[in-house]
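Reading the structure
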Amino acid sequence: MYGMTSAISDALPTDMDIQLTKSLDDALSKEKVITTDEDLSQRLEVLSMLNNLAKEWIREVSMERNLPEITAENVGGLVCTFGSYRLGVYHKGADIDAIIIVPRHITRTDYFATFYNKLKENPSINNVRAVEEAFVPVIKMIIQGIEIDMLFARLALKEVHEDTDLQQDDLLRNLNPKCVRSLNGCRVTDSILRLVPNRESFKKTLIAIKLWAKRHRVYSNALGYLGGVSWAMLVARVCQLYPNAAPATLIHKFFLIFSKWQWPQPVLLKPSYFMDLGYPVWDPRVNMADRNHVMPIITPVYPQQNSTFNVSHSTLAIIQDEFKTSLDIMGEILTGESSWSKIFQPSKFFTKYRYFLAITVFANCDEELLEWRGLVESRLRFLPTSLEEIECVQRSHLNPDQFILPYEKSQGRPSSVWFVGLEISKSNGTVVQLDFSTHIRDFCLLVKSRAHNIFKAGMDIQVNHLKRKDLKDYVPDELKKEKAIPNTVGSKIIARLSTEGKHSIPELVEESQKSPTSRKRSIEDETDDNIIKKNLLSNEDIFVLGPVESHRSPSSENKSNNLVNTLLSTAKDDHPISTENETKENINIVKESLLLTDARHSTIESGDSLTSPVSNKCCADDESEENDQKKLRLLHPTVA
């Protein structure tokens, strides 16, 4: 048995599963996410250079500690990889996560002093920067165009040999907590590989899911979504439940299971165990803070931690929406109505919302921008959460993609910009008054309060409000791409209905029910659903979670009420401009695979005159907006 429960199905792949997996291989090849021999050779060369530099540095520091030369030669030291490279799911352009493991006579101070200087002096290494104050301290660099994140861990051993087994929990005894967190990356990655029944199926499925997550804009641990290790653990759990399934089937089951998962019930790859080493572990029965985690995915090694502690109620809702939509698309793929390219299409963001915030960072040069941008990104997830305290803000959706500000907007200064989409609720005829200035000002002050070590003249941050019509000056290419994507799931079946006109909906349902493949899929999905519920009930014996309170507490509602003032007003409007998934009435068509999502996204057409994002001057209303009955106006000063 793999994982916490027995497998849902031990069935071997059918001929159709094998054919779908072959077409998946073709789709991934077109997306250029499959590793090439040339890329592998380049990465091995980079890692070999880093390993030689590390061994040389360890020997030099050992000599400075007055160790005999022969001892300094034999104290060892390791450079290990983890993350996507170690899992074998990296692609061209992906970064490499690595860690240097040293014996006890070498300190963290040495690492961020002498080793940092050694890297800076090497002409083959560019953009070397240290992030010493991070939760997991790291040195970042770029070698031959590949970004490297290198951590540091110091073991309580005289010598560190090549055959040191990092899975031994006793190695963590008497270590600095920062070293334990750094080692956790290696230990978790190796543990995941040991806990999956079929590594090749796991890797191919994970490559596809990671590509999907990036295209659907839910891939970023720092911004409140899921990082690479979290996606790997979710895929590993599905592989445990279907140990013999082909990657195409695993992808379908992935969306089926996690679109129905009852969060905050945790995802675990193995039973938790306790070691009396004094390090905190994730346990909501003991730790009150752990009960507030909304999407716990628990690492499989001691000390067990929640890899998704940054996920908020808002980002969880966004991820769940993407799961449900993709499950519908998988139904089309399984019945031949669509190809794999559809599930890898970018999700709509800029055409989905009516109002946006643009968060822009500036610096004097590209090297300074890297540091400044990294700091802002580490705090950016707090802004959407703060905005949702306002009563009328139903959703504040942060796009994890970074964009370059056009030259005209940046005036030639190096810059990066993120966008937050805003979903504003209707007022039911009452006056809606919104003011974002307090929340934006607090966010900017939070960032600058953390920047005392790296802040330099020329580093600025600006937050501006935009309407959708303003985006053509910021991201014109993104707008064109999104407009080319069909709005509905199941568009091919609906088109066939309208052109043929001779089959009624009941006839099509009856026809689909006659299909052995469709009937089999339906029965399997219903069985899986029942087993998933049973597994969740059994997991409740392991972690008894307290009730998770709504993210909108009475105190936050009072705070938002205080922020509502007389700056802006709106009149009655009952005319939303767009409603997606208009084909809900056909939900019974091919019901085992074409499950149309219930999520409907409405945006508000308005004719507001607002502050220009550049000059703070009033913009004239569009003629097309003047006839709207409701006018929603959201104003705030530009914060710089």
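Residues numbered from 1 in each chain as written. Predicted model: local features only at pLDDT ≥ 70, side-chain atom pairs only at ≥ 80, totals over all residues. Heavy atoms only, no water.

A few points about the sheet that holds strand 10 (residues 460-467)
Keep this limit in mind: A strand pair is defined by DSSP finding two or more bridges across the two strands. Where helices and strands are cited, they refer to DSSP runs of H or I of at least four residues and of E of at least two residues respectively, numbered from the N terminus. Angles shown run from 0 to 180 degrees and are taken between the N-to-C directions of axes, each axis being a line fitted to C-alpha atoms and, for helices, limited to the stretch in contact.
On the basis of which strands lie adjacent, the open sheet formed by four strands has the order 7-8-6-10 and antiparallel pairing. Two strands lie at the open edges of the sheet, namely strand 7 (393-403) and strand 10, each paired on one side alone. If you compare each strand with its neighbour and ignore which way they point, the axes differ by 20° on average.

Comments concerning the nonpolar core
As a rule of thumb, soluble globular proteins bury nonpolar side chains together. Put simply, the rule is: Here, nonpolar core refers to any group of buried Ala, Val, Leu, Ile, Met, Phe, Trp, Tyr and Cys residues whose side-chain atoms link them within 4.5 Å. Working definition: with a 1.4 Å probe on protein chains only, accessible area under 20% of the residue-type maximum means buried, over 50% means exposed, and in between means partly exposed. Note on contacts: a residue pair is in contact if any heavy atoms of the two residues lie within 4.5 Å.
Phe202, Trp231 and Trp340 are the most contacted members of the largest nonpolar core, which totals 96 residues. Excluding its chain neighbours within four sequence positions, the residues that come into contact with tryptophan 340 are Leu20, Ser23, Leu24, Ala27, Ala248, Ile251, Met330 and Ile333. By size, the runner-up hydrophobic cluster in this structure holds 32 residues, among which are Tyr90, Ile96, Phe115 and Ile139.

Quick look at the packing of helix 8 (residues 228-241) against helix 9 (residues 247-260)
Test applied: By the definition adopted for this analysis, an angle is roughly parallel if under 35 degrees, roughly antiparallel if over 145, roughly perpendicular if from 65 to 115, and oblique otherwise.
Interaxial distance between helix 8 and helix 9 falls to 10 Å at its minimum, and their mutual angle equals 105°. One finds that helix 8 runs roughly perpendicular with respect to helix 9. Counting all contacts with helix 8, which are made through Trp231, Leu234, Val235, Val238, Cys239 and Leu241, the residues of helix 9 involved are Leu250, Lys253, Phe254, Ile257 and Phe258.

As for the pattern of salt bridges
How we decide: A side-chain nitrogen of Lys or Arg and a carboxyl oxygen of Asp or Glu constitute a salt bridge if their distance falls within 4 Å.
Applying the stated criterion across every chain yields a total of 21 salt bridges. Linking aspartate 460 and arginine 413 is a salt bridge whose minimum nitrogen-to-oxygen distance equals 3.0 Å. Residue aspartate 460 is found in strand 10, and its partner arginine 413 is found in the loop between helix 14 (407-410) and strand 8 (415-424); the two are separated by 47 residues along the sequence. For aspartate 460, a relative accessible area of 26% gives the class partly exposed. Residue arginine 413 is classed as partly exposed on the basis of its relative accessible area of 28%. Residues joined by salt bridges that share partners form a network here, namely Arg217, Asp401, Glu478 and Glu482.

A short note on helix 2 (residues 37-64)
Cut-off, in case you're wondering: One less than the residue count of a helix, multiplied by 1.5 Å, gives the span that helix is expected to have.
Relative to the 40 Å expected for 28 residues at 1.5 Å per residue, helix 2 spans 41 Å between its end C-alpha atoms, a close match to the ideal helical length. Along helix 2, the positions that sit buried rather than exposed are Asp39, Arg43, Val46, Leu47, Leu50, Leu53, Ala54, Trp57, Ile58, Val61 and Ser62. Looking one or two residues beyond helix 2, the residue adopting positive phi is asparagine 66, at roughly 65°.

Quick look at the side chain of arginine 217
Our working rule: Polar contacts, as counted here, are pairs of nitrogen or oxygen atoms within 3.5 Å of one another; within protein the pair requires one atom able to donate a hydrogen and one able to accept it, and residues that are adjacent in sequence qualify only if both atoms are side-chain atoms.
Along the chain, arginine 217 turns up in the loop between helix 7 (199-215) and helix 8. Side chain to side chain, arginine 217 and glutamate 478 meet in a polar contact 3.1 Å long. At 3.4 Å, the side chain of arginine 217 and the side chain of glutamate 482 are in polar contact. Excluding its chain neighbours within four sequence positions, the residues that come into contact with arginine 217 are Tyr225, Ser347, Lys348, Phe349, Phe350, Asn399, Pro400, Asp401, Glu478 and Glu482.

Looking at the environment of threonine 109
Inspection of the secondary structure puts threonine 109 in helix 5 (residues 108-121). Classification of threonine 109 by relative accessible area gives exposed; the value is 58%.

Here's the deal with the pairing of strand 4 (residues 138-143)
In this structure, strand 3 (residues 125-131) lies alongside strand 4, joined through five bridges in antiparallel fashion. Across the sheet, residue valine 131 finds its bridge partner in strand 4, namely valine 138. Between the antiparallel neighbours strand 3 and strand 4 lie six residues. Taken together, the five bridges between strand 4 and strand 5 (residues 146-154) define a ladder with antiparallel strand orientation. Following the sheet pairing, isoleucine 143 is matched in strand 5 by isoleucine 146. Hairpin remark: strand 4 followed by strand 5, antiparallel, with two residues in the connecting loop; positive phi at glutamine 144, about 50°.

Things to note about the sheet that holds strand 5
Sheet architecture is open: five strands sit in the order 1-2-5-4-3, paired in mixed fashion. Since the sheet does not close on itself, it has two edges, and those belong to strand 1 (78-82) and strand 3, each with one partner. Mean inter-strand twist for the sheet, computed between neighbouring axes without regard to direction, equals 25°. Strand direction decides the pairing type here: strand 1 and strand 2 (residues 96-102), joined by five bridges, are antiparallel. Its bridge partner lying in strand 2, valine 79 is registered against isoleucine 100.

With respect to the side chain of threonine 249
Position of threonine 249 among the secondary structure elements: in helix 9. A relative accessible area of 9% means that threonine 249 is categorised as buried. Among the polar contacts listed, one links the side chain of threonine 249 to the side chain of aspartate 17, at a separation of 3.2 Å.

Details of the pairing of strand 5
Most of strand 5 is tucked away: seven of the nine residues are buried. Bridge analysis of strand 2 against strand 5 gives seven bridges, and the strand direction is parallel. Across the sheet, the residue bridging to isoleucine 100 is phenylalanine 152, located in strand 5.

Some thoughts on the packing of aromatic side chains
What counts is decided by this rule: Two rings from Phe, Tyr or Trp (for Trp, the six-membered ring) form a pair when their centres sit within 6.5 Å of each other. Planes less than 30 degrees apart are called stacked, planes more than 60 degrees apart edge-to-face, and all others tilted. In this scheme, Lys NZ or Arg CZ marks a charge over a ring once it lies within 6 Å of the ring centre and within 35 degrees of the ring normal.
Per the counting criterion, the structure on display carries 30 aromatic pairs. Joined through ring pairs, the aromatic side chains of Trp212, Trp231, Phe254, Phe255, Phe258, Trp261, Trp263 and Phe323 make up one cluster. For lysine 214, the ring lying beneath its charged end belongs to tyrosine 219, and the centroid distance is 5.0 Å.

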